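Residue-level listing of the chains:
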Amino acid sequence: MRALLTKIEQASGLDRFGDRLQRAVQGTLRGQRIRDLLHGVWLGHPLHPAMVQVPVGSWMSAAVLDLMPGQRRAATTLTAIGTVSVLPAAVAGLNDWAALSRDQRRVGLVHAVSNSVALVLYTGSVAARLSGRHQLGRTLGWLGLGAAGAGAYLGGHLAYKQGAQVNVSVSDLHLISDGWHSVAEMATLPQRQLVTRKVDDVSVILYRHGDDVTVMLERCPHQSGPLGEGEVTEIDGHACVVCPWHGSTFRLNGGEVVHGPSSNDQQTLPTRLVEGRVEARLP
Ligand code: FES
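Not measured: the values here are computed from a predicted model.

A.B. asks: Help me understand the nonpolar core in this model?
C.D. replies: One recurring pattern in soluble globular proteins: nonpolar side chains tend to sit buried together. Judged by nonpolar contacts, the single largest core of 18 residues is most densely connected at L189, V204, L206, V213, V215, L269 and V278. Where this core is concerned, the elements lending two or more residues are strand 1 (181-185), strand 2 (194-199), strand 3 (202-209), strand 4 (212-217) and strand 11 (277-280). If we skip the residues at most four places from it in the chain, V215 touches V183, V204, I205, L206, T268, L269, T271, V278 and A280.

This is the structure we're talking about:
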């Protein structure tokens, strides 16, 4: 399986179609609000993996009921619920997919194809059950569950091996030792400009506003973009930093994510001022 997954990650032949699909998704889901909604910015967590619980749970429950006598109606209802609920989950997944790196998009494409096969099989299963052909409906359902299982496996690979839509910067905290760290002389910090420094070996950005200083991890939680090279902008009265790679936007006061594709907040460090020096420590 590892060799197969590596081949998919490296399958550049998928890029032509993938690039076209990416443009189509970006052209269709243009509004920032709709993209943020689908990324799960409002939830502080990616929306797609939460939404897929409904079809996966419904289909698995239907598969169990199909093995029990007298459960045809319940199994048909659950199969139909799973089939309908896969559509909004797929839209959220496509929205995330369009902001992934190339190797991630290749695996994401095969993940989407597996789930599309599952959707076709389950649609056939619902149609067969409603027309009274329950044995055919059960068989199509079990085949669909196999395709959905393959899709879920690839989705797990995307998240756990390739780091798609997970917070990739939070592990930097493990590289910072306990205790307070001196990061800058307050007098040398310009007002309302980003400054990059190190805490141990970890890059952080500093932003001074009056006598307040924010210290925030520099690597973007989406895909490690350098926030120190990002622009500072004001949104709803809050100073925010915009990632130069894909535009994720975080409040400089607290790190809350304002716009995706990241749905994770950015980690800030507690600070204090000691004899004119800004110090920071682990939260
Ligand atoms: S790396 Fe993608 S938005 Fe920052």
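Next comes the rest of the account.
A.B. asks: What exactly am I supposed to notice about the packing of helix 2 (residues 15-28) against helix 7 (residues 102-130) here?
C.D. replies: To characterise two packed helices, one gives the angle between the axes of the helices and the distance between these axes. As a packed pair, helix 2 and helix 7 sit with axes 10 Å apart at the nearest point and diverge in direction by 90 degrees. By the criterion of interaxial angle, the relationship of helix 2 to helix 7 is roughly perpendicular. Counting all contacts with helix 2, which are made through D15, F17, G18, D19, L21 and Q22, the residues of helix 7 involved are R102, R105, R106 and L109. Of the residues that constitute the contact of helix 2 with helix 7, the class distribution is three nonpolar, two polar and five charged.

A.B. asks: How should the domain arrangement of the protein chain be read in this particular structure?
C.D. replies: Size of an interface, as often reported, equals the accessible area lost when the parts are brought together. When its domains are assigned, the protein chain resolves into domain 1 (2-161) and domain 2 (170-280). Inter-centroid distance (C-alpha atoms) of domain 1 to domain 2 is 36 Å. Across the domain 1 to domain 2 interface the summed buried area is about 760 Å²; carbon plus sulfur atoms make up 50%. Contact with domain 2 buries surface across domain 1, with H39, V41 and A99 losing the most and accounting together for 51% of the total. If you look at where domain 1 meets domain 2, you find five residue pairs in polar contact (both at pLDDT 80 or more). The greatest single-element share of the side of domain 1 that touches domain 2, amounting to three residues, is contributed by helix 3 (residues 32-39). Among the residues making up the side of domain 1 that touches domain 2, the classes are represented as four nonpolar, seven polar and one charged.

A.B. asks: Explain the pairing of strand 4 to me, please; I cannot follow it from the model alone.
C.D. replies: Counting buried residues in strand 4 gives five out of six residues, a clear majority hidden from the surface. Across six bridges, strand 3 lies against strand 4 in antiparallel orientation. The partner of V204 across the bridge, within strand 4, is L217. With antiparallel pairing between neighbouring strands as the criterion, strand 3 and strand 4 make up a hairpin whose turn holds two residues, including G210 at a positive phi of roughly 65 degrees. Examined bridge by bridge, strand 4 and strand 9 (residues 268-269) share two bridges and lie antiparallel to one another. Each residue of the ladder has a partner; that of V215, found in strand 9, is L269.

A.B. asks: Is there a simple way to think about a nonpolar patch on the surface in this case?
C.D. replies: On the surface, a nonpolar cluster with roughly 390 Å² of combined accessible area is contributed by I34, L37, W42 and L43. You can see W42 is positioned in the loop between helix 3 and helix 4 (47-51).

So, how was this worked out
Residues numbered from 1 in each chain as written. Predicted model: local features only at pLDDT ≥ 70, side-chain atom pairs only at ≥ 80, totals over all residues. Heavy atoms only, no water. Core = buried A, V, L, I, M, F, W, Y, C linked by side-chain atoms within 4.5 Å. Buried < 20%, exposed > 50% of the residue type's maximum accessible area, 1.4 Å probe, protein only. Helix = DSSP H or I, 4+ residues; strand = E, 2+ residues; numbered from the N terminus. Contact = heavy atoms within 4.5 Å. Axes fitted to C-alpha atoms, helices over the stretch in contact; angles between N-to-C directions. Parallel < 35°, antiparallel > 145°, perpendicular 65-115°, else oblique. Nonpolar A, V, L, I, M, F, W, Y, C, P; charged D, E, K, R; others polar. Domains from an automatic or database assignment. Buried area = accessible area lost by both parts, 1.4 Å probe. Polar contact = N/O pair within 3.5 Å; in protein donor to acceptor, adjacent residues only side chain to side chain. Pairing = 2+ DSSP bridges. Patch = residues over 30% accessible without salt bridge, like charges linked within 9 Å, V, L, I, M, F, W, Y side chains within 5 Å. Areas by Shrake-Rupley, 256 points an atom, 1.4 Å probe, with all protein chains shown as cover. Salt bridge = Lys/Arg side-chain N within 4 Å of Asp/Glu carboxyl O.

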